[in-house]
Protein chains: 2
Amino acid sequence: MKVNLQWQENCFAATGEGGASIRLGAGNDNLPTPMETLLMAVGGCSGIDVVSTLAKMRQPLTSLAIAISGRRREEHPRYFETILLTYRIRGDVEESKARRAIELSLEKYCSVSNALKPQARITYQLELLPGA
Amino acid sequence: MKVNLQWQENCFAATGEGGASIRLGAGNDNLPTPMETLLMAVGGCSGIDVVSTLAKMRQPLTSLAIAISGRRREEHPRYFETILLTYRIRGDVEESKARRAIELSLEKYCSVSNALKPQARITYQLELLPGA
């Protein structure tokens, strides 16, 4: 897997293998910073697992939003010490199955969160809302 | 630090604190996947360090491109085992100072690469091209 970045005065344009670019900022504009982008990768990775696992479990999902917050170390390098994912799932989904899908992701399948685990304590909350 | 993701049929829209959104794909479109986004975060984080350190060293940078490649584990969770960053720096920059800036980033300041280090062996290459 390979990506390319090009510095553009005050931000990076980053391109993946599919060709689409995203821009990463240095904190002086409204673009996501690299550390915010890392949290987005955690949420995207786990979210894709949850959507896929709930589909396999035949649990109809109406919508899924994930809020991810992280607390960084005070000292350099300032990586995340704790990460909290809040999954807000709407749909006619059983709570036990939603929890099972989330835990399978965080414990086994999500490559991004498991890459961070030795340094970060990762926890989650579930908000399950009725469907439609 | 907090980010929000919203599932949109086949991708996530992710929003950081500055308000700008990026889209993360699930591998079935041209959008960056979460694992590609993770590599972008590594490159952006280190690249911002390098730009800033070279400026403090009064080393005039004309352009900076970074290619980041990663090899994933075969088993779940499939996080990166090795990551190689290739920094292509153009400008009237001394090689020793460029290497010092890169190594300070990877060893001390870059929060994203240092978050991944317990699992991933991270190495770099430098391509230094004459300025302008």
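*Asks:* Break down the interface of chain A and chain B for me, with residues and values.
*Replies:* Across the boundary between the two partners, chain A contributes 61 residues, which contact 61 residues of chain B. For the pair chain A and chain B, the two sides together bury roughly 5,100 Å², of which 72% comes from carbon and sulfur. When residues of chain A are sorted by the area they lose upon contact with chain B, Met-1, Val-3 and Met-40 of chain A head the list and together hold 14% of the total. Here chain A is connected to chain B by 20 residue pairs in polar contact (both at pLDDT 80 or more). Elements supplying a minimum of two residues to the side of chain A that touches chain B: β1 (2–7), β2 (11–15), β3 (21–25), α1 (34–56), β4 (61–72), α2 (95–109) and α3 (111–116) of chain A. Among the elements that take part in the side of chain A that touches chain B, α1 of chain A stands out by supplying 14 residues, more than any other. Sheet topology places β1 of chain A next to strand β4 (residues 61–72) of chain B; five bridges connect them, and they run antiparallel. Paired with Gln-6 of chain A across the bridge in β4 of chain B is Ala-65 of chain B.

*Asks:* Could you give an account of unusual backbone geometry, naming the residues involved and the relevant values?
*Replies:* All names here are of chain A. Note that the residue after His-76, namely Pro-77, is joined by a cis bond; omega there is -10°. Note on placement: Pro-77 falls in the loop between β4 and β5 (80–91). One non-glycine residue, Glu-9, lies in the positive phi region at around 70°. Position of Glu-9 relative to the elements: it lies in the loop between β1 and β2.

*Asks:* Can you lay out the pattern of salt bridges for me, pointing to particular residues and giving the numbers?
*Replies:* Residues and elements named next belong to chain A. Counted under the stated rule, the structure contains eight salt bridges over all chains. The partner of Arg-71 in a salt bridge is Glu-81, with the nearest N and O atoms 3.5 Å apart. A residue pair is termed long-range when its members are at least 10 positions apart, and Arg-71 in strand β4 and Glu-81 in strand β5 qualify at 10 residues. Looking at Glu-81, the relative accessible area reads 32%, which means it is partly exposed.

*Asks:* Before we move on, can you summarise the nonpolar core with the specific residues and values?
*Replies:* If you look at the biggest cluster of nonpolar residues, it comprises 80 residues, and the most contacted ones within it are Ile-83, Leu-85 and Tyr-87 of chain A together with Ile-83, Leu-85 and Tyr-87 of chain B. If we ignore the near neighbours within four places in the chain, the residues touching Leu-85 of chain B are Val-42, Gly-43, Ser-46, Ile-66, Ala-67, Ile-68, Leu-106, Ile-122, Thr-123, Tyr-124 and Gln-125 of chain B.

*Asks:* Report on the relation of the copies chain A and chain B, specifying residues and quantitative values.
*Replies:* It takes a turn of 180° to lay chain A on chain B, together with a shift of 0.0 Å along the axis; the resulting RMSD is 0.0 Å. Put plainly, the chains are arranged around a two-fold axis.

*Asks:* Quick rundown of the sheet that holds strand β6 (residues 121–129) of chain A? Include the residues and the values.
*Replies:* Sheet architecture is open: six strands sit in the order β6(A)-β5(A)-β4(A)-β1(B)-β2(B)-β3(B), paired in mixed fashion. Looking at which strands have only one partner, the edges of the open sheet turn out to be β6 of chain A together with β3 (21–25) of chain B. On average, each strand axis in the sheet is inclined to that of its neighbour by 20°, with strand direction left out of account.

*Asks:* Would you mind going over the packing of α1 of chain A against α2 of chain A in detail, with residue names and values included?
*Replies:* Residues and elements named next belong to chain A. Packing of α1 against α2 leaves a shortest axis separation of 9 Å and a crossing angle of 135°. The orientation of α1 relative to α2 falls into the category oblique. Note that α1 runs across α2; the crossing there is right-handed. In this structure, α1 contributes Ser-46, Asp-49, Val-50, Thr-53 and Leu-54 to the contact, and α2 contributes Lys-97, Ala-98, Ala-101, Ile-102, Leu-104, Ser-105, Leu-106 and Tyr-109. The residue makeup of the contact of α1 with α2, split by class, is eight nonpolar, three polar and two charged.

*Asks:* Break down the side chain of Thr-82 of chain B for me, with residues and values.
*Replies:* All names here are of chain B. Structurally, the position occupied by Thr-82 is in strand β5 (residues 80–91). Relative accessible area serves as the criterion here: at 18%, Thr-82 is assigned to the buried category. The residues contacting Thr-82, other than those within four sequence positions of it, are Ser-69, Gly-70, Arg-71 and Arg-121.

Cut-offs applied
- Residues numbered from 1 in each chain as written.
- Chains lettered and ligands numbered in written order.
- Predicted model: local features only at pLDDT ≥ 70, side-chain atom pairs only at ≥ 80, totals over all residues.
- Heavy atoms only, no water.
- Contact = heavy atoms within 4.5 Å.
- Buried area = accessible area lost by both parts, 1.4 Å probe.
- Polar contact = N/O pair within 3.5 Å; in protein donor to acceptor, adjacent residues only side chain to side chain.
- Helix = DSSP H or I, 4+ residues; strand = E, 2+ residues; numbered from the N terminus.
- Pairing = 2+ DSSP bridges.
- Salt bridge = Lys/Arg side-chain N within 4 Å of Asp/Glu carboxyl O.
- Buried < 20%, exposed > 50% of the residue type's maximum accessible area, 1.4 Å probe, protein only.
- Core = buried A, V, L, I, M, F, W, Y, C linked by side-chain atoms within 4.5 Å.
- Least-squares fit on C-alpha atoms with pLDDT ≥ 70 in both.
- Axes fitted to C-alpha atoms, helices over the stretch in contact; angles between N-to-C directions.
- Parallel < 35°, antiparallel > 145°, perpendicular 65-115°, else oblique.
- Left-handed = near helix turned anticlockwise from the far one by under 90°.
- Nonpolar A, V, L, I, M, F, W, Y, C, P; charged D, E, K, R; others polar.

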